[in-house]
Amino acid sequence: VRVRVCVLSALVLFCMVRCLQVVSLMNLFITYGDTFLPSPSSYDELYYEMIRNRNSFDSLKKMTEKFGAGSDSAQTAAATKLGLSLQNIITLIEHFLGKIDSQCTAKHVVSLERDQVMEVIRENYGSLTLRLHDNLDYYEKYAEKPHEKAFFTQLMRTMVSEVRRNIALSSLESHSMLEEFTTIR
């Protein structure tokens, strides 16, 4: 039982660290996206997807609350850091959900269509207040670690086998498809 607890504890810590990396990347997009996103509508799409996937962020927030009060200092530190990094995303979601709910009430509908939600997002950027995070311009250079290599190898093998299983091409079709791929620039 003690071994299971240690393994579970390590797994939770690993997940929180990976989630922190993803959330930090999302904060980079939220805060500085105008410097590298292709267009202003990309912000609209990003915010829309965050709102649409709010249950995932709510679950992540609950996880940080649960493990932030634990006895494992590494988990507590990771959970606290992740919780702080989630603030902008939670603020963004709550801000726009309030505006979307107001529109629903005003229009006497249960929910809005995608285009209507996008319009609410575009119209309410000005009233959104976000917090600037430190060190978003600092990143750790990716270096494949041995335990990740096995994961990515298995992932690629699974993807290749899925493609092979789901796409049945005759040799003639394969040849013509490969010729098409060689002309793509």
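I will try to describe carefully the structure that is included in this document.

The rules behind these values
- Residues numbered from 1 in each chain as written.
- Predicted model: local features only at pLDDT ≥ 70, side-chain atom pairs only at ≥ 80, totals over all residues.
- Heavy atoms only, no water.
- Core = buried A, V, L, I, M, F, W, Y, C linked by side-chain atoms within 4.5 Å.
- Buried < 20%, exposed > 50% of the residue type's maximum accessible area, 1.4 Å probe, protein only.
- Helix = DSSP H or I, 4+ residues; strand = E, 2+ residues; numbered from the N terminus.
- Contact = heavy atoms within 4.5 Å.
- Phe/Tyr/Trp six-rings, centres within 6.5 Å; stacked < 30°, edge-to-face > 60°.
- Lys NZ or Arg CZ within 6 Å of the ring centre and 35° of its normal.
- Salt bridge = Lys/Arg side-chain N within 4 Å of Asp/Glu carboxyl O.
- Expected span 1.5 Å × (residues − 1).
- 1 Å grid on protein atoms, 1.4 Å probe; cavity = no way out; pocket = protein on both sides within 12 Å on 5 of 7 lines; lining within 4 Å.
- Points joined across faces, edges and corners; volume = space filled by probe spheres on them.
- Nonpolar A, V, L, I, M, F, W, Y, C, P; charged D, E, K, R; others polar.
- Axes fitted to C-alpha atoms, helices over the stretch in contact; angles between N-to-C directions.
- Parallel < 35°, antiparallel > 145°, perpendicular 65-115°, else oblique.
- Left-handed = near helix turned anticlockwise from the far one by under 90°.

1. Observations concerning the nonpolar core
In terms of nonpolar packing, the biggest core is built from 33 residues, with Tyr47, Met50, Phe57, Leu86, Ile89 and Leu92 touching the most fellow members. If you list the elements that add at least two residues to this core, you get helix H1 (2–32), helix H2 (40–52), helix H3 (54–68), helix H4 (73–85), helix H5 (87–107) and helix H6 (114–123). For this core, the element with the most residues is H5, which contributes seven residues. Non-local contacts of Ile89, meaning those with residues more than four positions away in its chain, are made with Val23, Met26, Ile30, Met50 and Phe57.

2. Comments concerning the packing of aromatic side chains
In the structure shown here, the tally under the stated rule is five aromatic pairs. Geometrically, the ring pair formed by Tyr43 and Tyr47 is edge-to-face, given 5.7 Å between the ring centres and 70° between the ring planes. Of this pair, Tyr43 and Tyr47 both sit in helix H2, separated by four residues, roughly a single helical turn. Residue classification places Tyr43 among the buried residues on the basis of a relative accessible area of 13%. Assessed through its relative accessible area of 3%, Tyr47 is described here as buried. Consider the rings of Tyr47 and Tyr125, whose centres lie 5.5 Å apart with planes at 55°: the pair is tilted. One end of the pair, Tyr47, is in helix H2; the other, Tyr125, is in the loop between H6 and helix H7 (146–166), and 78 residues separate them in sequence. Residue classification places Tyr125 among the partly exposed positions, given a relative accessible area of 28%. Taken together, the ring pairs connect Tyr43, Tyr47, Phe96 and Tyr125 into an aromatic cluster. The ring centre of Tyr48 lies 4.8 Å from the NZ or CZ of Arg114, which sits over that ring.

3. Regarding the pattern of salt bridges
Side chains that carry opposite charge are capable of pairing whenever their charged atoms lie near each other. Summed over the entire model, instances satisfying the criterion amount to four salt bridges. A salt bridge links Arg114 to Glu45, with the nearest nitrogen and oxygen atoms 2.6 Å apart. Here Arg114 is found in helix H6, whereas its partner Glu45 is found in helix H2, with 69 residues between them in sequence. The class of Glu45 is partly exposed, set by a relative accessible area of 33%. Across the salt bridge formed by Arg122 and Glu119, the nearest N and O atoms sit 3.1 Å from each other. With a gap of three residues between them, Arg122 and Glu119 both fall in helix H6, about one helical turn apart. A relative accessible area of 41% means that Arg122 is categorised as partly exposed.

4. Things to note about H5
For H5, with 21 residues, the first-to-last C-alpha span of 30 Å sits near the 30 Å given by 1.5 Å per residue. Here H5 has its buried residues at Asn88, Ile89, Ile90, Leu92, Ile93, His95, Phe96, Ile100 and Cys104. His108 sits one or two residues past H5 and shows a positive phi near 55°.

5. Overview of the layout of surface pockets
Considered as a void within the structure, the second largest pocket measures approximately 210 Å³ in volume. Surrounding the second largest pocket, Tyr48, Ile51, Arg52, Arg54, Leu97, Ile100, Asp101, Cys104, Val110, Ser111, Leu112 and Val117 form its lining. Breaking the lining of the second largest pocket down by element, the ones donating at least two residues are H2 and H5. Examining the composition of the lining of the second largest pocket, we find that four residues originate from one element, H5, more than from any other. For the lining of the second largest pocket, the class distribution of residues is eight nonpolar, one polar and three charged.

6. Digging into H2
Here H2 contains 13 residues, and its C-alpha end-to-end distance of 19 Å stays within 8% of the 18 Å for a straight helix at 1.5 Å per residue. If you check which residues of H2 are buried, you get Ser42, Tyr43, Asp44, Leu46, Tyr47, Tyr48, Met50 and Ile51.

7. Let's talk about the packing of H2 against H6
In contact at an axis separation of 10 Å, H2 and H6 are set at 115° when each is read in the N-to-C sense. Put simply, H2 runs roughly perpendicular to H6. Here the hand of the crossing between H2 and H6 comes out right-handed. On H6, the residues that touch Asp44, Glu45, Tyr47, Tyr48 and Ile51 of H2 are Arg114, Val117, Met118, Ile121 and Arg122.

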